[in-house]
Every structure is written in C-alpha cells, then in structure tokens.
Amino acid sequence: ISTVTHYDEYHKDNADDTYSIKMLLHGIPGTGKSEFVYYMGSLLNREVLLKRCSMIKSKWVGETEKNISEAFSEAQSSDSILFFDEADSLLYPRKEANRSWEKSMTNEILTQMDSYSGIVFFATNDVDGLDNAAFRRFQFKIEFLPLTSEGNITFYDSILKPLISKNSILTDKDINSIQGLRNLTPGDFAIVKEQCTFMN
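A brief report on the enclosed structure follows. These figures come from a predicted structure and were not determined experimentally.

**Regarding the packing of aromatic side chains**
In the structure shown here, the tally under the stated rule is 8 aromatic pairs. Taking 6.4 Å as the distance between ring centres and 85° as the angle between the ring planes, the aromatic pair formed by Tyr38 and Phe83 counts as edge-to-face. Remark: Phe83 occurs in strand E3 (residues 81-84) and Tyr38 occurs in helix H2 (residues 33-44); sequence separation between them is 45 residues. A network of ring pairs unites the aromatic residues Phe72, Phe84, Tyr116, Phe122 and Phe138 as a single cluster. Above the plane of the ring of Phe135 lies Lys141, whose end atom (NZ or CZ) is 5.1 Å from the centre.

This is how it looks when you write it as structure tokens:
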C-alpha cells in the first residue's frame, strides 16, 4: 500500500515522467484481490477502471488489440487505476499459443504496459497460466493467502457475529472449531452472510 501511495505522490509532482506501477495480484478465489484494488482506489481518491476478458476479446481481426489500447488510453486520460481481472485469460503464454490472435493479444498488452504512465493491476487465480515475459514485467507480485486461524475469528466477529442472537456466546470449543477451519477466505464469510439473508 505504501509503495502505491508513494508513487501517487511522486506522479502528481512529476506528471511528465513515464514511470508506472504494475502489480500482479494472485491467489485462490475469495481472498480479496479485487477488494484490494478498490480499496486502493478509495485510498487514492481515484476511479477504478475494470476490464474483464469478455470486455477485451473480440471475434473481429484487430478489434481485441484496439480494445486493449483504448483501455490504457482511457485510464491514462482519466487518471484512473486500470484493473484487468482474469489476467490468465489475457496474458496467454505465447509459447503455447495455437492461434495468432493469442500471441498478438499478449504482445499488445505488454507493449501498452511498457509505455503506460499510471497504476495498473492484474489479478488472477492461476498465476502459472501467465506468459513468462509478462510475469517479469510486474514490479510487484503479491500473493493473497487464505486466512490464518486468527483471521477466521476476526472475520467471524466482523461479518457473522452481528447476525447471531446476542444471547448466543461462543464457547471455547466453538472458537477452537472456527480457528481450526483451513483455507477459509473473506469471500467464504461473505457467502455465509448472503445465505443468512434468506434464512430465519
């Protein structure tokens, strides 16, 4: 977080420089990658320009590359944080590409990244599915891990506890059970909260 805020302060005083922040967020679903990007947007008072694979890819020749270029241009002109979700579908490994458009799509993104002056995030659940050269382009690669046992309790207290009757107090056994659950993510707690919306 401090790295991005320092860059933001530098960028405001040196707008003509072409430095950029390129971050890759990776980890299992539900760990908060997207939420982190929107949190950074709120922190820096910048809009987040989200681009998914379905918004970029086109069946028409040259249209995918045009969409990529326009995404970077739009973020640059509006001083937004550019956020590509599903990065493994966009930065396809060129050595494994069977079709020319798969290579040209990756090439176009890398070209745009090299000349971009701003903040760009890519998020993926499958970091092994990225092009090797693209992986090296990112100055920062942040892995989002499942919650720790203490994190389980923290998210229980903040998300699920308000839904429980005030007369219901967790026993030591309950706490140990919650702490003992493995591979939970913030998204898991959000899903349970949504389920409770439709239950008595």
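**Things to note about the side chain of Ser80**
Of note, Ser80 is situated in the loop between helix H4 (63-78) and E3. Of the polar contacts made by the side chain of Ser80, one reaches the side chain of Ser78; its length is 2.7 Å.

**Comments concerning the nonpolar core**
One finds Leu82, Phe84, Leu91 and Phe122 to be the most contacted residues of the largest nonpolar core, which totals 24 residues. Those elements that provide at least two residues to this core are helix H3 (53-56), H4, E3, helix H5 (87-90), helix H6 (100-115), strand E4 (119-124) and helix H7 (132-137). Look past the residues within four positions of Phe122 in its chain and what remains in contact with it is Met23, Leu24, Leu25, Phe84, Ala87, Leu91, Ile109, Met113 and Phe138. Counting 16 residues, the second largest nonpolar core, distinct from the first, contains Leu44, Leu50, Ile119 and Phe144.

**Some thoughts on the packing of helix H8 (residues 149-160) against helix H10 (residues 186-197)**
Across the interface, H8 lies against H10 with an axial gap of 10 Å and an inter-helix angle of 30°. Relative to H10, H8 is oriented roughly parallel. Note on packing geometry: the crossing formed by H8 with H10 is right-handed. Within the contact between the two elements, H8 uses Asn152, Phe155, Tyr156, Ile159 and Leu160 and H10 uses Pro186, Phe189, Val192 and Lys193.

**Considering the side chain of Asn152**
In this structure, Asn152 sits in helix H8. A polar side-chain atom of Asn152 sits 3.0 Å from the main-chain carbonyl oxygen of Leu181.

**Thoughts on a nonpolar patch on the surface**
A surface patch of nonpolar side chains, amounting to about 290 Å² of accessible area, comprises Ile1, Tyr39 and Leu43. With respect to the helices, strands and loops of the structure, Tyr39 is situated in helix H2.

What counts as what
Residues numbered from 1 in each chain as written. Predicted model: local features only at pLDDT ≥ 70, side-chain atom pairs only at ≥ 80, totals over all residues. Heavy atoms only, no water. Phe/Tyr/Trp six-rings, centres within 6.5 Å; stacked < 30°, edge-to-face > 60°. Helix = DSSP H or I, 4+ residues; strand = E, 2+ residues; numbered from the N terminus. Lys NZ or Arg CZ within 6 Å of the ring centre and 35° of its normal. Polar contact = N/O pair within 3.5 Å; in protein donor to acceptor, adjacent residues only side chain to side chain. Core = buried A, V, L, I, M, F, W, Y, C linked by side-chain atoms within 4.5 Å. Buried < 20%, exposed > 50% of the residue type's maximum accessible area, 1.4 Å probe, protein only. Contact = heavy atoms within 4.5 Å. Axes fitted to C-alpha atoms, helices over the stretch in contact; angles between N-to-C directions. Parallel < 35°, antiparallel > 145°, perpendicular 65-115°, else oblique. Left-handed = near helix turned anticlockwise from the far one by under 90°. Patch = residues over 30% accessible without salt bridge, like charges linked within 9 Å, V, L, I, M, F, W, Y side chains within 5 Å. Areas by Shrake-Rupley, 256 points an atom, 1.4 Å probe, with all protein chains shown as cover. Salt bridge = Lys/Arg side-chain N within 4 Å of Asp/Glu carboxyl O.

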